[in-house]
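# Topology and contacts: notes
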Amino acid sequence: MERLRSAPPPVKRPAKKSKKAVAAMRPAEYAAYIGRLAAAGMVRRRPLGRGPFLAGFRIFYADGDVGAASPMTRDRMDYLVRYGATLVPTYDPAHLTHVVTTLDRAQFARKTGLESPRDVPDALPVLRWEWVKTGERAGGLARWHEHAAYNDHVVFEAVVPEGERRTVPEACRRGRSSSVQAKGKAADVEGRPDAGDAEASRISEFTQDRLAGLAAEQKPHASVQKAQRTRGEPSTSAATPHGGGGAADPLAEFYAAARAERETELRSDTPLRTGHAAAAAGSRQTGAFQCDIVPDGKVGTCPNQDVIDELNKLVKVHRQGATREDGFKVGAYTRAINGIRKLKTRIKSSEEALAIAGVGSKTAQKIMEIIETGHLRRLDHVLTKEIAILETFQGIYGVGPKVARQWLAAGCRTLDDIREGKHGVKLSTAQHTGLKYYDDINARMPREEAQAIFELIKPVALSIDPKLFVDIMGSFRRGKADCGDIDILITRPTDDGKSHIGRRLHCKDPRKLTTPLGVLRRLLKELHERGVITEDLNVPEDWDDLELVYRGLCRRDSKGLQRRIDFLTVPYKSRGAALLYYTGDDIFNRSMRLKANKMGYSLNQRGLYANVIRNPSDRRQKFNEGVIIASETEREIFEKLGVPWQEPHQRVRGG
DNA sequence: AAACAAATGGCG
DNA sequence: CGCCAT
DNA sequence: GTTT
Ligand SMILES: Cc1cn([C@H]2C[C@H](O)[C@@H](COP(=O)(O)OP(=O)(O)OP(=O)(O)O)O2)c(=O)[nH]c1=O
Ligand SMILES: [Mg+2]
């Protein structure tokens, strides 16, 4: 979704309509209107540092407005025009180069009069709004297929030429080669004139009747400003109501408002639930939080395992899909599978299937097909070789969906292709190590081996500083019989005024430090020398920080496989939150954090924070950090969240 | 018809 | 920043 | 894809 709301009123000078008249316009009318303004040179066309990256594009923007165009729709239309696009007010494929939409399939079909997005001409891309916003990035507009609105209508652009291809993103990259956008486009694009100086040509390119030169390329723009915003900080001042002059805390009234809101919800409590749980669950669509439900610990073989197996293949497929729809389907099928897993009897009818939470009519049908035939025929079409290849590539540490798709698109099919650097593939250092030990890293180890390796490490740590707390977390702490890696947490009490990095913050005298280099640095050095740690993947850069993360490989002895190992060091005050985080599992953590979020809190590996103000239109975005209310013990955090205490082995929510 | 949303850090 | 990792 |  859109994150910023920084755009000033886009339209400068009215020979125009009154505000009221504008507000009453329907989307198509507004599109035509703003087109006329643009034609008259009355739209400021290049507001920011980037060039008119939409120059020459003829875009139909389809939003869900019923009557008048909403402010957001107008905003976005303004934006499109401002960056050089020509808005086409109706769905008219012959005169379009792009369709941009926020609609789901059904809405889109209704709006365009088509049966389905499949019926859009093959060369005409239908893209999400997010694609437009990528034009502001350093790398310029993203490739179409990465932002396809619907997974059955994905338009690919021409393959990036050798020289352009990259394995690892380059931050300072400016424009894009023209061939990126050149081919595979609507037929009317061929042989368009080069837009030359986009700036100059734009003046005469606006009329809707004329087909503007399409692929006006962004030329490398000398003065692209580099975003300097600090991570996690709000980029707007939307939360400061009155300029926030000299007040101690400009957000004070928002704290009060947030608190009041929470308390209101608390009063409308259901007796069945604890106050906080109800407050949080009240606004929620899919009911309770997973972390609230303590698993009964019973294990039995599932009578519908075959169904689950087939549906999981569908999850695999959609996991590799790049669209938003795919993302939601992954979630939807996963929820359905969780529902099915709870059943103690074999599903016998579609009615029975439909009764399962998370199973709707489509999934119920699929379930019955599996029950009756043992197989889901749809999988024959969607579970392709390409899916398997993408999964193989993503098995390399440091390779995610983007790089995997890039390699596939470039023509790579096997790990040997990657090893041989075919098609211009380049590897980062971590990827290189990941490929070298591909099989080792992807194997899980018996918990006994994790234990044994840990016992090589712990004494070394304690010999550096006997007051350290050192323990294995992750799946090992949850009691799993096999572990994907070893997760080690390190901290140290400060009752003697020292910490696991010594006292360097308060004491400059190196002779008084407990550990001259900091525990972790000394420990890693020692373990390298002993041959326990064999490769680094990710080494902390600022060793002065109390919170450090290390990732690498290790092995029990020269005959052992290479195993992934992670270290996390934290301030002693954070130990409860860190324990909670690092014990997981990941799904459990997300559930706890989601609940915290909905309660007006925020939970991370440092603690539980209250009075967190979030952006109402994007709840993931925080306006402030909040004030810490729990961090020293796990139990305290459970209590404040109203989650029943659960031992590590009970905190399993994922497969 | 709209919602569905963890939170953080390192690399290049 | 965008990607990848936990 | 499902739920509200
Ligand atoms: C991967 C991941 C882990 N975590 C937390 C919870 C995990 O238990 C902890 C360690 O991460 P992992 O080592 O990736 O997970 P794990 O130890 O639970 O399972 P495995 O046996 O496969 O190693 O970090 C998250 O909070 N979010 C994540 O996305
Ligand atoms: Mg682990």
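Note that the structure is a prediction, hence the values are computed from the model and not measured.

Another point: the packing of helix α10 (residues 305–320) against helix α13 (residues 361–373). One way to put it is that α10 packs onto α13 with a least axis distance of 9 Å and a crossing angle of 125°. Put simply, α10 runs oblique to α13. Relative to α13, α10 is oriented so that their crossing is right-handed. Residue-level contacts link Asp-306, Val-307, Glu-310, Leu-311 and Leu-314 of α10 to Thr-363, Lys-366, Ile-367, Ile-370 and Ile-371 of α13. Residues belonging to the contact of α10 with α13 are distributed by class as follows: six nonpolar, one polar and three charged.

Right, let's talk about the site of ligand 1 for a bit. Within the structure, ligand 1 sits among 15 residues, and Arg-444, Ser-475, Arg-478, Asp-485 and Asn-589 are positioned closest to it. A distance of 2.9 Å is found between an oxygen atom of ligand 1 and a backbone nitrogen or oxygen belonging to Gly-484. When ligand 1 sits alone it has 550 Å² of accessible area, and the protein chains cover 68% of it. Secondary structure elements with two or more residues in the shell around ligand 1: α21 (474–477), α23 (575–583) and α24 (586–598). Broken down by element, the residue count for the shell around ligand 1 peaks at three residues, all from α23.

Here we come to the coordination of the magnesium ion (ligand 2). The protein atoms donating to the magnesium ion (ligand 2) are Asp-485 (OD) and Asp-487 (OD), with metal-donor distances spanning 1.9 to 2.1 Å. With relative accessibility at 9%, the residue Asp-487 sits in the buried group.

Tracing the backbone shows Thr-323 in the loop between α10 and α11 (324–342). For Thr-323, a relative accessible area of 8% puts it in the buried group. A polar contact of 2.8 Å, which involves the side chain of Thr-323, links it to the side chain of Asp-326.

In this section: the packing of aromatic side chains. Summed over all chains, the structure comprises five aromatic pairs. Arranged with centres 5.6 Å apart and planes meeting at 75°, the rings of Phe-393 and Trp-407 form a pair that is edge-to-face. Taken together, the residues Phe-393 in helix α15 (residues 385–394) and Trp-407 in helix α16 (residues 401–410) connect sequence positions 14 residues apart. When sorted by exposure, Phe-393 lands in the same class as Trp-407, which is buried. Between Phe-638 and Trp-645 the ring centres are 4.9 Å apart and the planes differ by 65°, which places this aromatic pair in the edge-to-face class. Using a relative accessible area of 1% as the deciding quantity, one classes Phe-638 as buried. Taken together, the aromatic side chains of Phe-588, Phe-638 and Trp-645 make up a single cluster linked through ring pairs. Against the face of Trp-645 rests Arg-635, its NZ or CZ located 4.2 Å from the ring centre. The aromatic ring of Trp-645 is capped on one face by Arg-651, whose charged end is 5.2 Å from the ring centroid.

Backbone hydrogen bonds hold the strands of a sheet together, and the pairing may be parallel or antiparallel. Strand order in this open sheet of four strands is β2-β1-β3-β4, and the pairing throughout is parallel. Each edge of the open sheet is held by one strand with a lone partner, namely β2 (86–87) and β4 (126–128). Relative to β2, strand β1 (residues 58–62) runs parallel, the two sharing two bridges. In the strand pairing of β2, Arg-58 is matched with Thr-86.

This part is about the confidence of the model for chain A. The predicted model of chain A averages 72 in pLDDT, with 62% of residues at 70 or higher. Long-range and interchain partners of residues 504–513, a stretch whose pLDDT sits below 50, account for 11 contacts in this model, where long-range means more than four residues apart. Among the prediction metrics, the complex's ipTM stands at 0.98, with pTM recorded as 0.67.

For a regular strand, side chains alternate in direction, first toward one face of the sheet and then toward the other. A two-sided burial pattern is seen for strand β14 (residues 607–610), the buried positions comprising Gly-607 and Tyr-609 on one face and Leu-608 and Ala-610 on the other. Strand direction decides the pairing type here: strand β13 (residues 602–604) and β14, joined by three bridges, are antiparallel. Paired with Ser-602 across the bridge in β14 is Tyr-609. In this antiparallel pair of consecutive strands, β13 and β14, the connection spans two residues.

As a further point, take the sheet that holds strand β12 (residues 563–569). With mixed pairing, five strands are arranged side by side in an open sheet as β6-β8-β12-β11-β10. Two strands close off the open sheet at either side, each with one partner strand: β6 (469–472) and β10 (533–538). When strand polarity is set aside, the average angle formed by the axes of neighbouring strands in this sheet is 25°. Packing against the sheet, helix α20 (residues 447–464) makes contact with β6, β8 (486–491), β11 (548–554) and β12, and its axis sits at approximately 170° to β6. Contacts between helix α22 (residues 519–529) and the sheet are confined to β8, β10, β11 and β12, with β10 contributing the most and set at about 135° to the helix.

Let's shift gears to α23. Burial within α23 is extensive, with seven of its nine residues counted as buried. At the exit of α23 stands Gly-584, carrying a positive phi of roughly 65°.

The next point concerns the packing of α23 against helix α25 (residues 634–641). Taken N-terminus to C-terminus, the directions of α23 and α25 make an angle of 80°; their axes are 7 Å apart at the nearest point. Compared by their axis directions, α23 and α25 come out roughly perpendicular. Two secondary-structure elements touch here, α23 through Gly-576, Ala-577, Leu-579, Leu-580 and Thr-583 and α25 through Glu-634, Ile-637 and Phe-638.

With that settled, consider the UniProt feature "active site" (unreviewed entry) in chain A. If you check UniProt for "active site" (unreviewed entry), the listed places come out as Lys-366 in our numbering. For Lys-366, the position within the fold is in helix α13. Accessibility expressed as a relative area gives 14% for Lys-366, which makes it buried. For Lys-366, the residues in contact, after removing those within four places along its chain, are Leu-314, Tyr-333, Leu-376 and Arg-378.

Criteria and thresholds
- Residues numbered from 1 in each chain as written.
- Chains lettered and ligands numbered in written order.
- Predicted model: local features only at pLDDT ≥ 70, side-chain atom pairs only at ≥ 80, totals over all residues.
- Heavy atoms only, no water.
- Axes fitted to C-alpha atoms, helices over the stretch in contact; angles between N-to-C directions.
- Helix = DSSP H or I, 4+ residues; strand = E, 2+ residues; numbered from the N terminus.
- Parallel < 35°, antiparallel > 145°, perpendicular 65-115°, else oblique.
- Left-handed = near helix turned anticlockwise from the far one by under 90°.
- Contact = heavy atoms within 4.5 Å.
- Nonpolar A, V, L, I, M, F, W, Y, C, P; charged D, E, K, R; others polar.
- Near = heavy atom within 4 Å.
- Polar contact = N/O pair within 3.5 Å; in protein donor to acceptor, adjacent residues only side chain to side chain.
- Areas by Shrake-Rupley, 256 points an atom, 1.4 Å probe, with all protein chains shown as cover.
- Donors = N, O, S within 2.8 Å, 3.2 Å for Na, K, Ca; no water.
- Buried < 20%, exposed > 50% of the residue type's maximum accessible area, 1.4 Å probe, protein only.
- Phe/Tyr/Trp six-rings, centres within 6.5 Å; stacked < 30°, edge-to-face > 60°.
- Lys NZ or Arg CZ within 6 Å of the ring centre and 35° of its normal.
- Pairing = 2+ DSSP bridges.
- pLDDT = per-residue confidence, 0-100.
- UniProt positions renumbered as here; feature names shortened; annotations may be inferred.

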